[in-house]
Amino acid sequence: MSLSEMMGRHEGTKKSSSSAGRAAMWLLLPPLLVVIVLKTDFLPQVARFRETRFMNDTDEMVNTVPYTGFENARWQQHPHYPEAVKDYNQQNQILTTNGPKDSSSINSDLGAPVSKLTCNFSNPHSDTCTMEGDLRIHGKSATVYVVAASTHRPENSTFIVRPYTRKWEQETMSRIREVTMRSMPPAFSFIIPPKCTVRHDVPAVVFSTGGCGGNFFHAMSDLIVPLYITSREYNGHVQFLITDYRPEWVAKFRPILAALSMYPVIDFDADTAVRCFPSAHVGLQSHNKMLAIDPSLSRNGYTMMGFRDFLRSVFSLQRPWVEPVSRSSGRQKPRLVMVLRRHSRELTNEAETITAMEDLGFEVVAALPEDVRDMGHFAGVVNSCDVMVGVHGAGLTNMVFLPHNGTVVQIVPWGDMKWACWYDFGEPVPGMGLRYVEYEVTAEETTLKEKYPRDHPVFTDPRSIHRQGKAWSTFLNGQNITLDIDRFRAVMQQVFQSITIE
């Protein structure tokens, strides 16, 4: 064999050997990488790298964890008292980058609990999501991370909810901040969620006060009743996180919030912490009616009568029931609170109306707008009365403080407003254990007759005004009422007879 042939055969052998070696190395590389990952600190280093980026993007949140709460008594008296931070932080584990490693909260691959995420978008009033397991909530980015979710699917890994209960009103809902739920797969993933900086051992409820909560009717119907339905079962062991936070709203309803939760509410939008909870609700449950609870839809069989008992406890109201008053004894008169308005739907002859009610035998309490603003005080006034009278408006919402078997008299303004007024304040009454009486204003009793001729659609076809979208400006904000005293007295005479005995 020539030298050149021997050299060629040697080169071929080298090439074959090199190719085989490379193939063997490629075969060995995956298990080698697995060994490196398992035997080194590689994954925690990746997690810390991802966390560092997350922290930098959120104003170094670990180093700026705000206080999360304190005991119930101090919360009721001083809802923003900064010295309470120390008390509460001793009760809740605060985790920082300088503290002990928390491997279970860094990775979702080993030892993490299986999480569940369920959303309901079919309710016409509100969208809601419930979840449990490894949950990490970051308020400032309005994101809830559901780690190791058994319900994870690539096509439904993200859900968005505006946590307010008037989803049919586009203008209202446009003012509500979106909250995003991110479902993460249960298997190993390089998509690493942010590490917990605060751990809570109670459920979370996330909702918005950015809708119509400044109006007392909407505050009760859109927020307080749904919040009761959603959170009452936890008996105070629940944390509220409020987006579109309104301090004045929280201050007004603090007694109710404190009775539902042992912890001060958290301003969700300003919160830089990553809070971990065992379970959470985003959005509030609503039962498709105003000021109403449907026991058949409530997991715990809650009712509006039970809700009113709850309010009586919150405000230490003394009268659970209306007791009939003897007409012949003369020692006691049934009490009537008249809710008076200003600027719109005002009774132009309110003094004459009050006198007529007193002549019938009622003890009348006149409640002006400034009297109604102090909810705690006015709740006691209403609870001391047997009857509430008022023109359709938010003030009638205070009927929730009447004793059981009390009577609500709604004066319905002119303008084909009967159904709308009944829907807001008539339909809820039986579920509250109250009685309902309606007085519908005639064309002779409205001040609209001073603005429009009698052949105007305001009088001949009020429904056409509704179709034009002008009902609010015309029939609610655009008129006052001059009651026909004789006609109104006849209705109230029947009310007097129904709540008194010989």
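Residues numbered from 1 in each chain as written. Predicted model: local features only at pLDDT ≥ 70, side-chain atom pairs only at ≥ 80, totals over all residues. Heavy atoms only, no water.

- The name an unreviewed UniProt entry gives the protein is Glycosyltransferase 61 catalytic domain-containing protein, with Sorghum bicolor as the organism.
- Taken directly from UniProt, the Subcellular location (unreviewed entry) text for the protein runs: "Golgi apparatus membrane".
- One UniProt comment on the protein, placed under Pathway (unreviewed entry), says "Glycan metabolism." (UniProt positions renumbered as here; feature names shortened; annotations may be inferred.)

Brief notes about the sheet that holds strand β12 (residues 335–339)
What holds strands together in a sheet is hydrogen bonding between their backbones, with the strands either parallel or antiparallel.
Piece 1. Strands sit in the order β13-β12-β14-β15-β16 across an open sheet of five strands; the sheet is parallel. Of all the strands in the sheet, the pair left with one neighbour each is β13 (363–367) and β16 (435–440). Here the strands of the sheet are splayed against their neighbours by 20° on average, with no regard to which way each runs.
Piece 2. Bridge analysis of strand β15 (residues 407–412) against β16 gives six bridges, and the strand direction is parallel. Across the sheet, residue V412 finds its bridge partner in β16, namely E440. (Pairing = 2+ DSSP bridges. Helix = DSSP H or I, 4+ residues; strand = E, 2+ residues; numbered from the N terminus. Axes fitted to C-alpha atoms, helices over the stretch in contact; angles between N-to-C directions.)

Focus on the pairing of strand β8 (residues 239–243)
Piece 1. Summarising burial for β8: five of the five residues are buried, a large majority.
Piece 2. Here β8 shows no split at all, with Q239, L241 and T243 on one side and F240 and I242 on the other all buried.
Piece 3. Pairing geometry for strand β7 (residues 204–208) and β8, over five bridges, is parallel. Residue pairing for β8: V206 is matched across the bridge by L241.
Piece 4. With helix α7 (residues 216–231) bridging β7 and the parallel β8, this β-α-β connection has right-handed handedness.
Piece 5. Examined bridge by bridge, β8 and strand β9 (residues 266–267) share two bridges and lie parallel to one another. (Buried < 20%, exposed > 50% of the residue type's maximum accessible area, 1.4 Å probe, protein only. Right-handed = clockwise from strand over helix to strand, strands pointing away.)

Regarding the confidence of the model for the protein
Piece 1. Considering every residue of the protein, the mean pLDDT works out to 83; 76% of them sit at 70 or more.
Piece 2. Segment residues 2–8: pLDDT under 50, and one contact once partners within four positions in sequence are set aside and those in other chains are kept.
Piece 3. In the model, residues 34–111 has pLDDT below 50 throughout and makes 138 contacts with residues more than four positions away in sequence or in other chains. (pLDDT = per-residue confidence, 0-100. Contact = heavy atoms within 4.5 Å.)

Describing the state of the cysteines
Piece 1. Summed over all chains, the structure comprises two disulfides.
Piece 2. Note on cysteine connectivity: C119 is disulfide-linked to C129, with sulfurs 2.0 Å apart. Measuring the twist about the S-S bond at about 105°, one finds the C119-C129 disulfide to be right-handed. Of this pair, C119 sits in strand β1 (residues 116–120) while C129 is found in strand β2 (residues 128–138), placing the two residues 10 residues apart along the sequence. (Disulfide = S-S within 2.5 Å.)

Here's the deal with the pairing of strand β14 (residues 387–391)
Piece 1. Of all five residues that make up β14, five are buried, and the element is covered over most of its length.
Piece 2. Side chains V387, V389 and V391 of β14 all project onto a buried face; the interleaved residues M388 and G390 project onto the opposite face, where all are buried too.
Piece 3. Across five bridges, β14 lies against β15 in parallel orientation. By the bridge assignment for β15, M388 is matched with V408.

Structural notes on the layout of surface pockets
Piece 1. The calculated volume of the largest pocket comes to roughly 1,400 Å³.
Piece 2. In this structure, the largest pocket is lined by 44 residues; those nearest its centre are N215, H218, R345, A394 and W472.
Piece 3. Elements that contribute at least two residues to the lining of the largest pocket include exactly α6 (170–173), α7, α12 (369–372), α14 (418–426), α17 (462–467) and α18 (471–476).
Piece 4. Looking at the lining of the largest pocket element by element, the count peaks at five residues for α14.
Piece 5. Residues belonging to the lining of the largest pocket are distributed by class as follows: 21 nonpolar, 11 polar and 12 charged.
Piece 6. Roughly 450 Å³ of volume is contained in the second largest pocket.
Piece 7. Looking at the second largest pocket, it is lined by 22 residues, and the ones nearest its centre are N120, T128, T130, Q285 and L297.
Piece 8. Secondary structure elements with two or more residues in the lining of the second largest pocket: β1, β2 and β10 (274–282).
Piece 9. The residue makeup of the lining of the second largest pocket, split by class, is seven nonpolar, 14 polar and one charged. (1 Å grid on protein atoms, 1.4 Å probe; cavity = no way out; pocket = protein on both sides within 12 Å on 5 of 7 lines; lining within 4 Å. Points joined across faces, edges and corners; volume = space filled by probe spheres on them. Nonpolar A, V, L, I, M, F, W, Y, C, P; charged D, E, K, R; others polar.)

Brief notes about the packing of aromatic side chains
Piece 1. Summed over all chains, the structure comprises 15 aromatic pairs.
Piece 2. Here W419 and Y423 contribute two aromatic rings whose centre-to-centre distance is 5.1 Å and whose plane-to-plane angle is 10°, an arrangement assigned as stacked. You can see W419 and its partner Y423 sitting in helix α14, four residues apart, about one turn around the helix.
Piece 3. For W419, a relative accessible area of 58% translates into the label exposed.
Piece 4. An aromatic cluster is built from F207, F216, F240, W249 and F253, whose rings are joined through pairwise contacts.
Piece 5. Here the basic side chain of R345 rests over the ring of W472, its NZ or CZ set 6.0 Å away from the ring centre.
Piece 6. Lying across the ring of F459, R454 places its NZ or CZ 5.4 Å from the centre. (Phe/Tyr/Trp six-rings, centres within 6.5 Å; stacked < 30°, edge-to-face > 60°. Lys NZ or Arg CZ within 6 Å of the ring centre and 35° of its normal.)

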